[in-house]
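If you want the building blocks of each chain, they are given just below.
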Amino acid sequence: MHLLEENRVTRCRDSRRRMLEEWDEEQEDLKFGRKGKDQKIQHLKEQLTGLSKVVKDVNKNRLLSAKIPIIKEFKSLSESTQCDKAQERSMLDSWDIASCLTKESIGNTFLVTDPVKRNIELIKSSKTWLENMFMTYVNDTLHKHAVEAKVGGVPSLKHRMQVFMKTVFFKQSVWIDDRFEIQTGIPIWLYLYLLIRTGNHKLALEFVQENPIAFSESPSFAIYLNEYFSSPENLVSEDHRKEILAEYQKMFYGNIVVDPYKVLLYKIIGRCELENKTIPEVIRTMEDFMWFELCLVRERRHRERYQFEHYRLSHFQKKIYEAGPTHFDPHGTNPWYYFKILLLSLQFEKAIDHLYKSENFGVEAVHFGIALAYHQLLSNSKNPRSTSELLVTEVNGDISLNFAHLISRFVRSFLSTTHDDALHYLLLITLYPTEDMTFLCRDQVLNYIVGCKEYKDIIGCIDENQGRVQSGSIEAYKPLIGIDRYDIETYRNIVLYPIAQRFDDAGNYKDAVSVYEFAGKYTDALEVLNRQLDYALDRPINVDERQHARDQNLIEFSYSVLTRYKNNTYIECDDNVLNTHKTLRKLLEAALQFEQEQYEKTVQLIKSTHIFPESNEFESIYLSAIRFDKEIDYMICKHISEVLMMIMQSYHQLSKSYSTYNPNLHDVYQANIESIKNDAMTLLSFVGLIDFKLPSNVIRKLNEIRF
């Protein structure tokens, strides 16, 4: 392939670096976040704004089962990408290639699913683009040399090709290669090659058939060419292939000087010596090489009779991939060029992976991936939930791309603060509507929502002032995550409940309560608060002031929730959960009062829970013990040791305060002390009757407390 490097131009200016420093969140994505000038950051933001609009349009049309020209839209936005001229040319070519491969450029959609037929169609499209580009080169050359070429008027294609041929291959009154076979004043094999190279097969065949004398030394060639063009697979019969091979070998290995374009055309038509890796000398550009190789490739369901006839697309792809980017871009200045080569060789997944790894074009790689996925050209990982790798080698050796990972990385790196845009990108994961991808899409959407401050704008909420339900931005797009737009229950089960649970698991109890309330699950909302109260009671007494403030905030929030429930008669919740909640809240309030040495208030709050006996009569104690064992929620029972220690120590402190001699209040103090002793004895009796096992050290401490 080193022969193809003659026409390569690789110049690089200073590229954009260190963009979006403040947007970086993950070490693996630092390549996207380079320090840069304000205008560069602003440019990227504007670019992302435009790209996001296209993505939203994609999702809106997906709801209608309609298509949009996504490649055209992305290409128009990519024209503002900051890159040098060589990069820009390769980038714009790549978008055109994608348009040609997907048939978007002609208003069609690529829908072939059979692997063999799919490859055949894509090879044709890749060749078509290369042929069209060569025709563009012909026209540009004629325009550039308009004065000397003197094409004039509206000339026929034949005439234009002849003028081009003379402009490029005829210098100083002689043809540049003395091996050209000249007939009727023109090199017939070169002219024929140019017609075929530009995709003008009909004109090429007419030229051969209308000039039998010019091709008298190859009388059978017209038959070969007609058969080649007439065959759906561009194949000649076995007998003709043998004849072509014999003539090819005679020309290639013989001592007679032969027109190199004649040798080339025989090799293409007869697919001669495919095992010979030598590139014909007249193939001078990479585009010529790609076209030449694609002409030799054949995709078939069955193997050829002979191994030397076997040359599949996979063989060509391996050749390109093994050469690597340094072969095509030796200075590493234009990642778009190798990307373009990978597209033309139909290695879409490797192309996206290559561009994504480049330092400056991660955003473009993602949107190319989106466009190819949209047109079903990107092979998605068969087990997207089992790997975090972007490029995946499947068990059978096939290459696929983890599309969900590509999208989630992009959202995390670039769209962490723009919730509506992020949502629409994540919804693209279901461009592959499989069970795994739907699961991943939902999971990514839920994770994003939980981490988003404006999550209510996405899922909706209840307006606290008006009491009305406000729909979120995800409402209209539920079908894209596998939920019918009017299926409220499924939406609650798949979206709202998991979000609330994740908030709860993360300790964001206020958000969890809000989501459960929006879903109409008021009992679940209270259970969230119960767990928070439970966690608060698990913490040791006399913690720092910040924790005290958090506990106080939890209590105040609890009161506001219950007040709202009480004032709205339509709200219903489980009585047991509600009673448990009230009890846990009072116990936490008691703990806070105990920390502040407010012992009387501590006792009052604990007594108000009605956990313990309200009199010292045995029947009352016995019934309280039974109720404790059978009716009190375990979430309350588990804190009984701490509660007992709090109230008994409070009794002890109160008893001490009443022990101070005061002649005016002596009788009152003595009565209070006696009452405290009775209450303490009642508690100890209660402890002896309950089945709930208290730690032995707690029982010992309780018995050691004196009044």
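**Concerning the overall build of the protein**
Logical step 1: Helix and strand counts for the protein come out as 32 helices and eight strands.
Logical step 2: Taking 707 residues into account, the globule formula puts the C-alpha radius of gyration at 27 Å, and the protein, at 40 Å, lies well above it.
Logical step 3: For the C-alpha atoms alone, the extent of the protein along its principal axes is close to 140 × 55 × 45 Å.
Logical step 4: Out of the 707 residues in the protein, the part that is buried amounts to 51%.
Logical step 5: For the protein, the proportion of contacts with a sequence separation of at least 24, taken over those separated by at least 6, is 63%.
Logical step 6: Counting every atom, the protein has about 35000 Å² of accessible surface; 48% of that belongs to carbon and sulfur.

**Looking at helix α24 (residues 522-538)**
Logical step 1: Relative to the 24 Å expected for 17 residues at 1.5 Å per residue, α24 spans 24 Å between its end C-alpha atoms, a close match to the ideal helical length.
Logical step 2: Looking at α24, one finds that the buried residues are Tyr522, Ala525, Leu526, Val528, Leu529, Asn530, Gln532, Leu533, Asp534, Ala536 and Leu537.
Logical step 3: On its buried face, α24 is in contact with β7 (460-462), α22 (488-505), α23 (509-518), α25 (545-567), α26 (575-595) and α29 (634-637).

**Here we look at the confidence of the model for the protein**
Logical step 1: For the protein, per-residue confidence averages 89 on the pLDDT scale, and residues scoring 70 or more make up 91% of the total.
Logical step 2: Contacts of residues 1-37 to residues separated by more than four positions or lying in other chains number 97 contacts, the stretch itself having pLDDT below 50.

**Description of helix α19 (residues 419-427)**
Logical step 1: By the criterion of burial, α19 is predominantly enclosed, with eight of the nine residues buried.
Logical step 2: Taken as a whole, α19 has its buried residues at His419, Asp421, Ala422, Leu423, His424, Tyr425, Leu426 and Leu427.

**Remarks on the nonpolar core**
Nonpolar side chains in soluble globular proteins generally cluster together in the buried interior.
Logical step 1: Counting residues in each nonpolar core, the largest one holds 221 residues, and the members touching the most others are Ile70, Leu192, Phe221, Phe403 and Tyr425.
Logical step 2: Among the elements that take part in this core, helix α30 (residues 640-658) stands out by supplying 10 residues, more than any other.
Logical step 3: Those residues in contact with isoleucine 70 that sit more than four places away from it in its chain are Val54, Val58, Glu104, Ile370, Ala371, Tyr374 and His375.

**What to know about the packing of helix α9 (residues 221-230) against helix α10 (residues 238-253)**
Logical step 1: Contact pair α9 / α10: the axes reach a minimum separation of 11 Å and the direction vectors enclose 125°. Viewed along their axes, α9 and α10 adopt a mutual orientation that is oblique. Crossing of α9 over α10 shows left-handed handedness. On α10, the residues touching Ile223, Tyr224 and Glu227 of α9 are His240, Glu243, Ile244 and Glu247.

**A look at the packing of helix α7 (residues 188-197) against α9**
Logical step 1: It is at 15 Å that the axes of α7 and α9 come closest, and there the two elements cross at 5°. By the angle between their directions, the pair α7 and α9 is classed as roughly parallel. For the pair α7 and α9, the contacting residues are Trp189, Leu192 and Ile196 in the first and Phe221, Leu225 and Phe229 in the second.
Logical step 2: Classifying every residue of the contact of α7 with α9 by side-chain character gives six nonpolar, no polar and no charged.

**Observations concerning the environment of leucine 605**
Logical step 1: Locating leucine 605 in the fold gives a position in helix α27 (residues 599-607).
Logical step 2: Distance from leucine 605 to isoleucine 320, taken between C-alpha atoms, is 79 Å for residues 285 residues apart in sequence.

**So, the packing of aromatic side chains**
Logical step 1: Counted by the stated rule, this structure contains 38 aromatic pairs.
Logical step 2: When the ring of tyrosine 522 is compared with that of tyrosine 565, the centres are 5.3 Å apart and the planes differ by 85°; the resulting orientation is edge-to-face. Of this pair, tyrosine 522 sits in helix α24 while tyrosine 565 sits in helix α25; the two residues are 43 residues apart in sequence, bridging distant segments of the chain.
Logical step 3: Measuring from centroid to centroid gives 5.4 Å for phenylalanine 612 and phenylalanine 686, while their planes differ by 85°, and the two rings are edge-to-face. Placement of phenylalanine 612 in the loop between α27 and α28 (618-630) and of phenylalanine 686 in helix α31 (residues 666-689) is noted, with a sequence separation of 74 residues between them.
Logical step 4: One aromatic cluster in this structure is built from Phe74, Trp95, Trp336, Phe339, Phe361 and Phe368.
Logical step 5: Across the ring face of phenylalanine 439, the terminal group of arginine 385 is positioned such that the distance to the ring centre comes to 3.7 Å.
Logical step 6: Directly above the ring of tyrosine 559 sits arginine 585, whose terminal nitrogen or CZ lies 3.7 Å from the centroid.

**Comments concerning the side chain of histidine 581**
Logical step 1: For histidine 581, the position within the fold is in helix α26.
Logical step 2: Note on histidine 581: relative accessible area 0%, which makes it buried.
Logical step 3: Filtering out sequence-adjacent residues up to four positions away, histidine 581 remains in contact with Leu526, Leu529, Asn530, Leu533, Ser558 and Leu562.

**Some points on the pattern of salt bridges**
Logical step 1: All told, the structure shown has 29 salt bridges when counted by the stated rule.
Logical step 2: Measuring nitrogen to oxygen at the nearest pair gives 3.1 Å for the salt bridge that ties lysine 340 to aspartate 93. Taken as a pair, lysine 340 in helix α15 (residues 335-344) and aspartate 93 in helix α3 (residues 85-102) lie far apart in primary sequence, 247 residues in all.
Logical step 3: On the accessibility criterion, aspartate 93 (4% relative accessible area) is buried.

**Focus on the side chain of glutamate 595**
Logical step 1: The topology assignment puts glutamate 595 in helix α26.
Logical step 2: Arginine 539 provides the closest opposite charge to the buried, unpaired glutamate 595, separated from it by 7.8 Å.

**Re the environment of arginine 485**
Logical step 1: The residue arginine 485 is located in the loop between β8 (469-471) and α22 in this model.
Logical step 2: Along the sequence, arginine 485 and tryptophan 175 sit 310 residues apart, while their C-alpha atoms lie 71 Å from each other.

**Here's the deal with unusual backbone geometry**
Logical step 1: Positioned with a positive phi, serine 65 is a non-glycine residue whose angle comes to about 55°.
Logical step 2: Overall, serine 65 belongs to the exposed group, its relative accessible area being 71%.
Logical step 3: Despite not being glycine, glutamate 273 has its phi angle at roughly 45°, a positive value.
Logical step 4: Looking at where glutamate 273 falls in the secondary structure, it is placed in the loop between α11 (260-270) and α12 (286-296).
Logical step 5: Residue classification places glutamate 273 among the buried positions, given a relative accessible area of 10%.

**Examining the environment of isoleucine 499**
Logical step 1: In this structure, isoleucine 499 sits in helix α22.
Logical step 2: For the pair isoleucine 499 and leucine 446, spaced 53 residues apart in sequence, the C-alpha separation works out to 6.1 Å.

Cut-offs used in this document
- Residues numbered from 1 in each chain as written.
- Predicted model: local features only at pLDDT ≥ 70, side-chain atom pairs only at ≥ 80, totals over all residues.
- Heavy atoms only, no water.
- Helix = DSSP H or I, 4+ residues; strand = E, 2+ residues; numbered from the N terminus.
- Rg over C-alpha atoms; globule rule 2.2 N^0.38 Å.
- Buried < 20%, exposed > 50% of the residue type's maximum accessible area, 1.4 Å probe, protein only.
- Contact = heavy atoms within 4.5 Å.
- Areas by Shrake-Rupley, 256 points an atom, 1.4 Å probe, with all protein chains shown as cover.
- Expected span 1.5 Å × (residues − 1).
- pLDDT = per-residue confidence, 0-100.
- Core = buried A, V, L, I, M, F, W, Y, C linked by side-chain atoms within 4.5 Å.
- Axes fitted to C-alpha atoms, helices over the stretch in contact; angles between N-to-C directions.
- Parallel < 35°, antiparallel > 145°, perpendicular 65-115°, else oblique.
- Left-handed = near helix turned anticlockwise from the far one by under 90°.
- Nonpolar A, V, L, I, M, F, W, Y, C, P; charged D, E, K, R; others polar.
- Phe/Tyr/Trp six-rings, centres within 6.5 Å; stacked < 30°, edge-to-face > 60°.
- Lys NZ or Arg CZ within 6 Å of the ring centre and 35° of its normal.
- Salt bridge = Lys/Arg side-chain N within 4 Å of Asp/Glu carboxyl O.
- Lys, Arg positive; Asp, Glu negative; His and termini not counted.

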